[in-house]
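Overview (structure and organization)
If you want the building blocks of each chain, they are given just below.
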Amino acid sequence: MKKSDLFYIWVFISSYLAGVVAYTLSLLLLYDEKMSGWRQLLMWTAPSFFTVTLLLFLLSILLLKWMNKYFLWTQTLLFAIAAIVPVYSIPILSGFWNFTSIAFLFSPEGMLFYLFFFISSLMSSYGVWIAHKRHSYKSFLIISFVVVMMFVIIAAWN
C-alpha cells in the first residue's frame, strides 16, 4: 500500500470521527443530553458513511473532473449535497421507514444526522483535496489529531 492510500483511509476515518464529535457536541449543546446510545449511533451511521457516502463522494469527484469543474469549493458543495442521501438511510436502518419519513431531514433528529454527515463531508473534502493536489498533509493531520482527541475525551466523558 502506498503512503497516499493510507492517507485517504485516514481522511475517511477521521472524517467519520469528526461527524461523531459534531453529533455528540450538538446533542450536548442544543439539548443538554449526553450520548447514551453509542452502539446505535455507530450502527446507523458507519455503514451509511463508509458505503453510500464514500461512493457519492467518488461519483462527485468523477463528475466534476468530467465537467472540468474540479475545484475545492465545487467539490465541497457536492459533498455537502451528497450528505443528504445517507441521512435518509437512517430511518431505513432503524426500521422506521414509511412515506412520512420524507420529512425526516427537517426533524430535530434528521438535522442532527445531517450535521453529522455535513461535518464529515467538509473534512473529507478538505482531506481529499489535499491528497489530490499533493499539498502538505500537516494541516489535515493536525485537524484530524484534534478531532481524534475530542472523540476520545467525549467517549470517556459519556
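The text that follows walks through the structure, step by step, so that each part is easy to find. (Residues numbered from 1 in each chain as written. Predicted model: local features only at pLDDT ≥ 70, side-chain atom pairs only at ≥ 80, totals over all residues. Heavy atoms only, no water.)

Looking only at helices and strands, the protein chain has 6 helices and 0 strands in total. Its C-alpha radius of gyration of 16 Å places the protein chain within 12% of the 15 Å reference for a compact globule of 158 residues. Here the C-alpha coordinates of the protein chain stretch approximately 40 × 40 × 25 Å along the principal axes. Counting only contacts in the protein chain whose residues sit at least 6 apart along the sequence, the fraction spanning at least 24 positions is 71%. Carbon and sulfur atoms make up 74% of the accessible area of the protein chain, which amounts to about 9,200 Å² in all. (Helix = DSSP H or I, 4+ residues; strand = E, 2+ residues; numbered from the N terminus. Rg over C-alpha atoms; globule rule 2.2 N^0.38 Å. Contact = heavy atoms within 4.5 Å. Areas by Shrake-Rupley, 256 points an atom, 1.4 Å probe, with all protein chains shown as cover.)

Turning our attention to the nonpolar core. The biggest cluster of nonpolar side chains holds 39 residues, and the ones touching the most others in it are Tyr-23, Val-87, Phe-113 and Phe-117. Those elements that provide at least two residues to this core are helix H1 (3–31), helix H2 (38–66), helix H3 (72–82), helix H4 (84–94), helix H5 (108–133) and helix H6 (138–157). (Core = buried A, V, L, I, M, F, W, Y, C linked by side-chain atoms within 4.5 Å. Buried < 20%, exposed > 50% of the residue type's maximum accessible area, 1.4 Å probe, protein only.)

Here we take up H5. Between the first and last C-alpha of H5 there are 37 Å, a value that for 26 residues agrees with the 38 Å anticipated at 1.5 Å per step. One or two positions beyond H5, positive phi appears at Arg-134, with a value near 55°. (Expected span 1.5 Å × (residues − 1).)

Turning to unusual backbone geometry, a few remarks are in order. Here the phi dihedral of Asp-32 falls at roughly 55°; this positive angle occurs in a residue that is not glycine. For Asp-32, the position within the fold is in the loop between H1 and H2. Residue Asn-68 is not a glycine yet carries a positive backbone phi of 65°. Examined against the element boundaries, Asn-68 turns out to sit in the loop between H2 and H3.

Right, let's get into the side chain of Ser-144. Of note, Ser-144 is situated in helix H6. A relative accessible area of 1% places Ser-144 in the buried class. A distance of 3.0 Å separates a polar atom in the side chain of Ser-144 from the backbone oxygen of Leu-141. The residues touching Ser-144, leaving out its near neighbours within four places in the chain, are Trp-10, Ser-14 and Met-123. (Polar contact = N/O pair within 3.5 Å; in protein donor to acceptor, adjacent residues only side chain to side chain.)

Turning to the side chain of Gln-75, a few remarks are in order. Mapped onto the fold, Gln-75 is located in helix H3. Setting aside chain neighbours within four positions, we find Gln-75 in contact with Ile-61, Leu-64, Tyr-70, Ser-125, Val-128 and Trp-129.

What follows covers the packing of aromatic side chains. What characterises a pair of aromatic rings is the spacing of the ring centres plus the angle enclosed by the ring planes. Under the counting rule described, the total for this entry stands at 14 aromatic pairs. Summarising the aromatic geometry, the rings of Tyr-16 and Phe-116 are spaced 5.5 Å apart at their centres and angled 75° between planes, so their arrangement reads as edge-to-face. Placement of the pair is Tyr-16 in helix H1 and Phe-116 in helix H5, with a sequence separation of 100 residues. Just as Tyr-16 is buried, Phe-116 falls in that class too. Aromatic pair Tyr-126 and Phe-140: ring centres 6.2 Å apart, planes at 40°, arrangement tilted. You can see Tyr-126 sitting in helix H5 and its partner Phe-140 sitting in helix H6, a full 14 residues away along the chain. What makes Tyr-126 partly exposed here is its relative accessible area of 28%. (Phe/Tyr/Trp six-rings, centres within 6.5 Å; stacked < 30°, edge-to-face > 60°.)

Time to look at the packing of H2 against H3. Contact geometry for H2 and H3: axes closest at 9 Å, N-to-C directions at 145°. In the crossing of H2 with H3, the sense of the turn from one axis to the other is right-handed. Seen from H2, the contacting residues are Leu-56, Phe-57, Ser-60, Ile-61, Leu-63 and Leu-64; seen from H3, they are Thr-74, Gln-75, Leu-78, Phe-79 and Ala-82. For the contact of H2 with H3, the per-class residue count stands at 8 nonpolar, 3 polar and no charged. (Axes fitted to C-alpha atoms, helices over the stretch in contact; angles between N-to-C directions. Left-handed = near helix turned anticlockwise from the far one by under 90°. Nonpolar A, V, L, I, M, F, W, Y, C, P; charged D, E, K, R; others polar.)

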